[in-house]
Amino acid sequence: MSSEVGAVAVLSDVHGVLPVLEAVLAEPDVAAADRVVVTGDHAAGPQPVAVLDRLRSLGERALLVRGNADRELVALARGGSTAIPDPVAPWAAAQLRPDDVALLAGLPHPAELTVRGFGRVVFCHATPRDDEEVVLVDSSLERWAEVLGGLDAAVRTVVMGHTHMPFVRLVDRRLCVNPGSVGMPYGRAGGSWALLHDGQVELRHTPVDVEAAVAAVATGSTYPGAEEWAREYVTSANSDADALRAFGPRDGRT
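None of the values given here were measured: they were computed from a predicted structure.

Student: I keep staring at the overall build of the protein and nothing clicks. Help me out?
Tutor: When you go through the protein residue by residue, the secondary structure sums to ten helices and ten strands. Taken against the 2.2 N^0.38 rule, which gives 18 Å for 254 residues, the C-alpha radius of gyration of the protein at 17 Å falls within 12% of a compact globule. A burial count over the protein gives 54% of its 254 residues as buried. Of the roughly 10,400 Å² that the protein leaves accessible, carbon and sulfur atoms contribute 52%. Both charge centroids of the protein, one from 22 positive and one from 34 negative side chains, sit 4 Å from each other.

And the structure:
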């Protein structure tokens, strides 16, 4: 267990999009945070190596958590196969250097920090027990109880990513936070992130010049479909309503 830390900036789901990551990291409260936690799916996108290098540059301030796409990129890079539907994933896996594969393969899931004002905080990708199952802001209390059931009762805050939509909600007195997505936001273009400080949670949003970001991805990637990919995901062409309709059946609702 690490010693108590102060402010924690939480990012998630960068998905290999460097210009938006840079914009979020330039935010004063991110730059000043004691720790920067990134809750998975770092590199499955058009700029995988550049994003991993940028995250490495944060040094010991950064805590990177494994996401399902990180695990799947490792499998692809090692000659395996996955069910990832996005065709950028096999391309991204092929770009990874051996040290990138080793980095992703060694990431923890979940991870824990002791944060001032919160006590023990668990950081995960989808849920603490699984890196790809779905839980949503409007999931039932029974579903939440199921996915959080393995946690120590002393853990009163859980921070997750995976669904690319920001929210804060209480679940039977436990605070659950999703910072949203940096690289593939649903519902609002720009970088979504969260700040945990002194017992308070703030959902933050970093606006970007979307056309400039799309152009930066297109020129900064050798992926043949980079501009098309960025035009769909960096611009947030898929709304939060689209995402909720798509993800809803996966949280056990009937």
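Continuing now.
Student: Which parts of the structure should I look at to understand the sheet that holds strand β2 (residues 35–38)?
Tutor: Here five strands make up an open sheet; going across it, the order is β3-β2-β1-β9-β10 and the pairing mixed. Strands with a single pairing partner mark the edges of an open sheet, and in this sheet they are β3 (62–64) and β10 (200–206). Pairs of neighbouring strands in the sheet enclose a mean axial angle of 20 degrees, with direction left out of account.

Student: Explanation requested: the pattern of salt bridges in the structure shown.
Tutor: Proximity of charged atoms lets side chains of opposite charge pair with each other. Within this structure, the stated rule accounts for 24 salt bridges. For the salt bridge of Asp100 with Arg56, the shortest nitrogen-to-oxygen distance reads 2.8 Å. One end of the pair, Asp100, is in helix α6 (residues 98–105); the other, Arg56, is in helix α3 (residues 48–56), and 44 residues separate them in sequence. Relative accessible area serves as the criterion here: at 0%, Asp100 is assigned to the buried category. On the accessibility criterion, Arg56 (30% relative accessible area) is partly exposed. A salt bridge links Arg71 to Glu132, with the shortest nitrogen-to-oxygen separation between them at 3.6 Å.

Student: What exactly am I supposed to notice about the packing of helix α8 (residues 210–219) against helix α9 (residues 226–233) here?
Tutor: Packed helix pairs are specified by the crossing angle of their axes together with the interaxial distance, meaning the distance between the axes. One way to put it is that α8 packs onto α9 with a least axis distance of 8 Å and a crossing angle of 150 degrees. Comparing the axis directions of α8 and α9 gives the class roughly antiparallel. In this structure, the crossing between α8 and α9 has a hand that is right-handed. Note on element contacts: α9 touches α8 through Ala226, Glu227, Ala230 and Arg231, opposite Glu211, Val214, Val217 and Ala218.

Student: What exactly am I supposed to notice about α9 here?
Tutor: Helical periodicity: at 3.6 residues per turn, an α-helix aligns residues three or four positions apart in one direction. Those residues of α9 that fall on the buried side of the exposure criterion are Ala226, Trp229, Ala230 and Tyr233. Projected onto a plane normal to the axis of α9, the buried residues spread over an arc of 95 degrees and lie on a single side.

Student: I would appreciate a short explanation of the packing of aromatic side chains in the present structure.
Tutor: The geometry of an aromatic ring pair comes down to the distance between the two centres and the angle between the two planes. Across all of its chains, the model carries four aromatic pairs by this definition. A ring pair is formed by Tyr186 and Phe247, whose centres lie 6.3 Å apart and whose planes are at 50 degrees; its orientation type is tilted. You can see Tyr186 sitting in the loop between β8 (174–178) and β9 (191–197) and its partner Phe247 sitting in helix α10 (residues 240–247), a full 61 residues away along the chain. Overall, the relative accessible area of 13% leaves Phe247 in the buried class.

Student: What exactly am I supposed to notice about the pairing of strand β5 (residues 119–123) here?
Tutor: The two faces of the sheet receive side chains in turn, since in a regular strand these alternate between them. Here strand β4 (residues 111–115) pairs with β5 via five bridges, running antiparallel. Note that in β5 the partner of Leu113 across the bridge is Val121. With antiparallel pairing between neighbouring strands as the criterion, β4 and β5 make up a hairpin whose turn holds three residues, including Gly117 at a positive phi of roughly 90 degrees. Pairing between β5 and strand β6 (residues 157–159): three bridges, direction parallel. Considered in β6, the bridge of Phe123 is made with Val159.

Student: What am I meant to see in the sheet that holds β4 here?
Tutor: Sheet strands pair by backbone hydrogen bonding; their relative direction is either parallel or antiparallel. If you walk across this open sheet you meet the five strands as β4-β5-β6-β8-β7, and the pairing is mixed. With partners counted over all chains shown, the strands left at the sheet margins are β4 and β7 (167–171), one partner each. Taking the axes of each pair of neighbouring strands and ignoring which way they run, one obtains an average angle of 25 degrees across the sheet. Together, β6, β7 and β8 form the strand contacts of helix α7 (residues 141–148), whose direction differs from that of β7 by roughly 90 degrees.

Student: Even after reading the chapter, I still don't get the nonpolar core, so can you show me in this structure?
Tutor: Within soluble globular proteins, side chains that are nonpolar tend to cluster in buried spots. With 54 residues, the main nonpolar core has Leu11, Leu21, Leu73, Trp229 and Val234 as its most contacted residues. Each residue touching Leu21, except ones within four places of it in the same chain, is listed here: Leu11, Val14, Val51, Arg54, Leu55 and Val182. Core analysis: the second largest hydrophobic core is formed by 17 residues, Val5, Val8, Val37 and Leu63 among them.

Student: How should I be thinking about the environment of Asp86 in this particular structure?
Tutor: By the secondary structure assignment, Asp86 is in the loop between α4 (68–77) and α5 (88–95). For the pair formed by Asp86 and Ala44, sequence separation is 42 residues and the distance between their alpha carbons is 8.9 Å. Look past the residues within four positions of Asp86 in its chain and what remains in contact with it is Trp229 and Tyr233.

Conventions used here
Residues numbered from 1 in each chain as written. Predicted model: local features only at pLDDT ≥ 70, side-chain atom pairs only at ≥ 80, totals over all residues. Heavy atoms only, no water. Helix = DSSP H or I, 4+ residues; strand = E, 2+ residues; numbered from the N terminus. Rg over C-alpha atoms; globule rule 2.2 N^0.38 Å. Buried < 20%, exposed > 50% of the residue type's maximum accessible area, 1.4 Å probe, protein only. Areas by Shrake-Rupley, 256 points an atom, 1.4 Å probe, with all protein chains shown as cover. Lys, Arg positive; Asp, Glu negative; His and termini not counted. Charge placed at Lys NZ, Arg CZ, Asp CG, Glu CD. Pairing = 2+ DSSP bridges. Axes fitted to C-alpha atoms, helices over the stretch in contact; angles between N-to-C directions. Salt bridge = Lys/Arg side-chain N within 4 Å of Asp/Glu carboxyl O. Parallel < 35°, antiparallel > 145°, perpendicular 65-115°, else oblique. Left-handed = near helix turned anticlockwise from the far one by under 90°. Contact = heavy atoms within 4.5 Å. Arc of directions from axis to C-beta. Phe/Tyr/Trp six-rings, centres within 6.5 Å; stacked < 30°, edge-to-face > 60°. Core = buried A, V, L, I, M, F, W, Y, C linked by side-chain atoms within 4.5 Å.

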